[in-house]
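Report on the structure
For reference, the chains in residue letters:
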Amino acid sequence: MSAYKMLFSPINIGSMKLRNRMVVPAMGTNLAEHDGTAGDALIKYYTERARGGFGLIITECTAISIEGKSLINECGIWDDSLIPSYRRLTEAVHAEGAKIAVQLRHTGRETEPHYTDGRQIVSSTQIPCPACQSMPRALTTEEVYKMVETYGDAARRGQKMGFDAVELHCSHGYLIAQFLSGHANKRTDEFGGSLHDRMRFLRLILRDIRGKCGNDFPIIIRISGSEMIMGGLTVHEAKAVCQMCEEEGVAAINVSMATYGTQHLCVGSSYLEPGYQTEKAAAIKKAVGIPVITVGRYTDPEIAEAVLRDGSADLVAFGRQSIADPHFPNKLLAHQEDRIIPCISCGQGCIMHMFTDEPISCVMNPKNGTEEEYISNKTATPKKVLVVGGGPGGMEAAWIAAARGHDVELVEKEDYLGGWFLPASYPPGKTVIGKSIAYLIRQCRRYGVKITLNREITAEDIRDMAPDAVVIATGSTNLTPRIPGLDPAKVLEPCDVLLGKVVTGKNVLVAGGGLIGAETADFLAEQRRNVTMIEMKPDFITDLDPYARPMLLEALEKQNVRMLANYAIQKFLPDGVTYKDVRDEHAEEKELRGFDSIVLALGHKSRNVLEDAIRDFVSEVYVVGDARQVDFVEKATHAGIEAGMKI
């Protein structure tokens, strides 16, 4: 505990006493019921994080009215009929020793009609959101006053539900922020114009909540320390807003940053440093005398502890890290740092599921629970299990099967574990991926998995080994399309380039502008290679989430990587390619030459030569990851976990 003295020290937010300074911030989960109530899945999710030792849990965005939703299954607080289900939630969290606040949100213009059941989208001004782009209707002055009461009624409802506090979402460009920000607020009534008048909406909401809930019900506001957009809320304006809030009795400030117009800064990808929002929190802390919460890619406890010790903030929110491992605090307390399930800031299971209207998940922890959930079903009949392939999917299957009591051997043809995930950790900004590989290796060793490297196993080998179950996790191979002039022996594979198995010349052509091609180009450009990328699609890196994609594109531009889109390769030449513009069926074929090396990044194909060959003599065969279908790593780890639990 001494190493994290500040993290584990108690603190008060108004009348609310917290056992430590670790916070689960509001993050959409899509786990609520469609009618806005809290069902078993949502209650289990938050209760597990309370059981895991977090001091304060702030529920995900909870809509104060139906037209303020932006998720298919969003928590609701717009009607008294919702109270009983949330009392179940608060009672469950309190039983585990944590405090819980409800975040009140109205999205304003940052939503789309299919989320609001077709209701009219509203905002401070009739200007569409830069990201969502649906045209809102400006609230009338009378409607603004009614909206103030809607917020106050929702807070009173939250108090009846048993919440310990309320958090007003004034950040990320949602409705309150749309009044605070000069970028979104062009009103000429008493709610627009000067900062003093743009703050009026929030000031009245705070007073309405105070009048309905009393002075002992803590109010937290979440605010963007800066919206990072031209004309938007600045850090100096944010400090003034927070000082006003303190005067109105607000108990704490939760400092985030950005808006949907700068959404790549709302949720930190691996291209942003840990604690990247802390400077904004530190600026706010200097301006107020109430506790300040900071957030922004906190995964390492040492960094969080340092931020508290240097006075930049009073509490730290571990967002996606709390998804990856709900028992993060308890493991710190028990000096089990090496058992923490790492968040790798990939966004695949958490962020991207919000865009596809799926329940939240995690690459490293798909059930949002604990290690015990995967291994508690101990086997009564231990089996001899062979896992072929040591990528993420194979290692997940191996350690879980071993932890459940099976005799497991993992065989890998390379001299390293991690599969494609290891070279994926080499490009700039992707170092954090290595944490997941190291974690999986530790899990395999902890539970006694026998690991054999440098062996490519055959069906005959498997027959001789006579396993009861086989997990095929042989991954994928580089795709070599049938394009004239393409000699596989003369082009380079991204994996070999990243791992240093081959060295490119000074001038490099990367064929393919997806994630692998772009990351390889970034890697080479950092080594001062002159890099050109050619891609048939109109855009680059379309297989990357919208939070990380702008960061990688910016990195490529800064390193002067030449990017040619809408061009299809027609033929490979010894020092380049010929290509055509796909937008013009009559386009002439052109040459792109003068390259010392060509890196082929046109995709992958599954590598699975064992399944059909062994089914006659192995009763249980599971195929996971790219060996089944080339996809994101989330699919591989989830399939590996499922296989480990089924054997």
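Notes on the structure follow. Computed from a prediction, not measured in an experiment: that's the story for all the values here. (Residues numbered from 1 in each chain as written. Predicted model: local features only at pLDDT ≥ 70, side-chain atom pairs only at ≥ 80, totals over all residues. Heavy atoms only, no water.)

As for the sheet that holds strand β17 (residues 450-452)
Whether parallel or antiparallel, the strands of a sheet pair through hydrogen bonds between backbone atoms. Reading across the sheet, the 5 strands line up as β17-β16-β15-β18-β28 and stay open at both edges, with parallel pairing between neighbours. Both edges of this open sheet fall to β17 and β28 (620-623), since each of them pairs with a single strand only. For this sheet, the mean inter-axis angle between neighbouring strands, taken without regard to orientation, is 15 degrees. The pairing of strand β15 (residues 384-388) with strand β18 (residues 469-472) spans 4 bridges and is classified as parallel. What sits directly across from V388, in β18, is I472. Here helix α14 (residues 392-403) sits on the sheet in contact with β15, β16 (407-411) and β18, set at roughly 160 degrees to β16. (Pairing = 2+ DSSP bridges. Helix = DSSP H or I, 4+ residues; strand = E, 2+ residues; numbered from the N terminus. Axes fitted to C-alpha atoms, helices over the stretch in contact; angles between N-to-C directions. Contact = heavy atoms within 4.5 Å.)

Thoughts on empty space enclosed by the protein
Considering all chains together, one arrives at 4 cavities of 30 Å³ or more under this definition. Lining the largest cavity are 15 residues, with C343, C346, C350, C362 and V363 positioned closest to its centre. Split by residue class, the lining of the largest cavity holds 9 nonpolar, 5 polar and 1 charged. Considered as a void within the structure, the second largest cavity measures approximately 50 Å³ in volume. Considering only residue class, the lining of the second largest cavity consists of 2 nonpolar, 5 polar and 3 charged. (1 Å grid on protein atoms, 1.4 Å probe; cavity = no way out; pocket = protein on both sides within 12 Å on 5 of 7 lines; lining within 4 Å. Points joined across faces, edges and corners; volume = space filled by probe spheres on them. Nonpolar A, V, L, I, M, F, W, Y, C, P; charged D, E, K, R; others polar.)

Structural notes on the packing of α14 against helix α16 (residues 433-446)
At a closest axis distance of 9 Å, the pairing of α14 and α16 adopts a crossing angle of 30 degrees. By the angle class used here, α14 and α16 are roughly parallel. Of the two possible hands of crossing, α14 and α16 adopt the one that is left-handed. Of the residues in α16, those in contact with P392, M395, E396, A398 and W399 of α14 are I437, Y439, L440, I441, Q443 and C444. Of the residues that constitute the contact of α14 with α16, the class distribution is 9 nonpolar, 1 polar and 1 charged. (Parallel < 35°, antiparallel > 145°, perpendicular 65-115°, else oblique. Left-handed = near helix turned anticlockwise from the far one by under 90°.)

Quick word on the packing of helix α6 (residues 200-213) against helix α7 (residues 235-247)
At their nearest, the axes of α6 and α7 sit 10 Å apart, and the two run at 20 degrees to each other. By the angle between their axes, α6 is roughly parallel relative to α7. Where α6 crosses over α7, the handedness of that crossing is right-handed. Residues L202, R203 and L206 of α6 form the contact with α7, whose own contacting residues are V241, M244 and C245.

Topic: the nonpolar core
The tendency in soluble globular proteins is for nonpolar side chains to be buried side by side. Core analysis: the largest hydrophobic core is formed by 171 residues, its most contacted members being L104, Y151, L168, F201, L202, I221 and I253. Here the element with the most residues in this core is α14; it accounts for 8 residues. Each residue touching L104, except ones within four places of it in the same chain, is listed here: T62, I64, I77, Y151, A154, A155, V166, E167, L168 and H169. Residues I13, V23, I58 and A101 belong to the second largest nonpolar core, which totals 17 residues. (Core = buried A, V, L, I, M, F, W, Y, C linked by side-chain atoms within 4.5 Å. Buried < 20%, exposed > 50% of the residue type's maximum accessible area, 1.4 Å probe, protein only.)

Quick look at the layout of surface pockets
Reported here for the second largest pocket is a volume of approximately 950 Å³. Surrounding the second largest pocket, 47 residues form its lining, Y174, V267, I351, M354 and Y547 being those nearest its centre. Sorting the residues of the lining of the second largest pocket by element identifies β7 (99-105), α10 (319-324) and α12 (351-355) as the ones contributing at least two each. Broken down by element, the residue count for the lining of the second largest pocket peaks at 4 residues, all from α10.

A word on the packing of aromatic side chains
Aromatic rings in a pair are described by how distant their centres are and how their planes are angled relative to each other. Applying the stated criterion across every chain yields a total of 12 aromatic pairs. Ring centres of Y145 and F191 lie 5.1 Å apart, and the angle between their planes is 70 degrees; this geometry places the pair in the edge-to-face category. Placement of the pair is Y145 in helix α3 (residues 141-161) and F191 in the loop between α4 (175-180) and α5 (195-198), with a sequence separation of 46 residues. Residue class for Y145 comes out partly exposed when judged on its relative accessible area of 38%. Judged by relative accessible area, which is 0%, F191 ranks as buried. Judged by centre distance (5.7 Å) and plane angle (20 degrees), the ring pair of W399 and Y447 falls under stacked. With W399 in helix α14 and Y447 in the loop between α16 and β17, this pair connects stretches of sequence that are 48 residues apart. What makes W399 buried here is its relative accessible area of 2%. Taken together through their ring pairs, the aromatic side chains of Y145, Y151, F179, F191 and F201 make up a single cluster. Positioned above the aromatic ring of Y174, the side-chain terminus of R105 is 4.5 Å from the ring centre. Against the face of F617 rests R463, its NZ or CZ located 4.1 Å from the ring centre. (Phe/Tyr/Trp six-rings, centres within 6.5 Å; stacked < 30°, edge-to-face > 60°. Lys NZ or Arg CZ within 6 Å of the ring centre and 35° of its normal.)

Notes on the sheet that holds strand β26 (residues 597-600)
Ordered in space as β22-β21-β20-β26, the 4 strands form an open sheet in which the pairing is parallel. Because the sheet does not close on itself, it has two edges, and the strands there are β22 (562-564) and β26. Going across the sheet, the axis of each strand differs from the next one's by a mean of 20 degrees, ignoring polarity. Pairing geometry for strand β20 (residues 507-511) and strand β21 (residues 530-534), over 5 bridges, is parallel. Following the sheet pairing, N507 is matched in β21 by N530.

Here we look at the side chain of E305
Take E305: it is sitting in helix α9 (residues 301-309). Note on E305: relative accessible area 3%, which makes it buried. There is a polar contact of 3.0 Å between the side chain of E305 and the backbone nitrogen of L7. Not counting chain neighbours up to four residues away, the residues in contact with E305 comprise A3, Y4, K5, M6 and L7. (Polar contact = N/O pair within 3.5 Å; in protein donor to acceptor, adjacent residues only side chain to side chain.)

Quick look at the state of the cysteines
In protein chemistry, a disulfide is the covalent bond that joins the sulfur atoms of two cysteines. Going through the model one piece at a time under the given rule, you end up with 0 disulfides. With no disulfide of its own, C132 has C129 as its nearest cysteine by sulfur position, at a separation of 4.0 Å. Overall, the relative accessible area of 17% leaves C132 in the buried class. Free cysteine C266: the closest other cysteine sulfur is in C129, separated by 9.9 Å. For C266, a relative accessible area of 11% gives the class buried. (Disulfide = S-S within 2.5 Å.)

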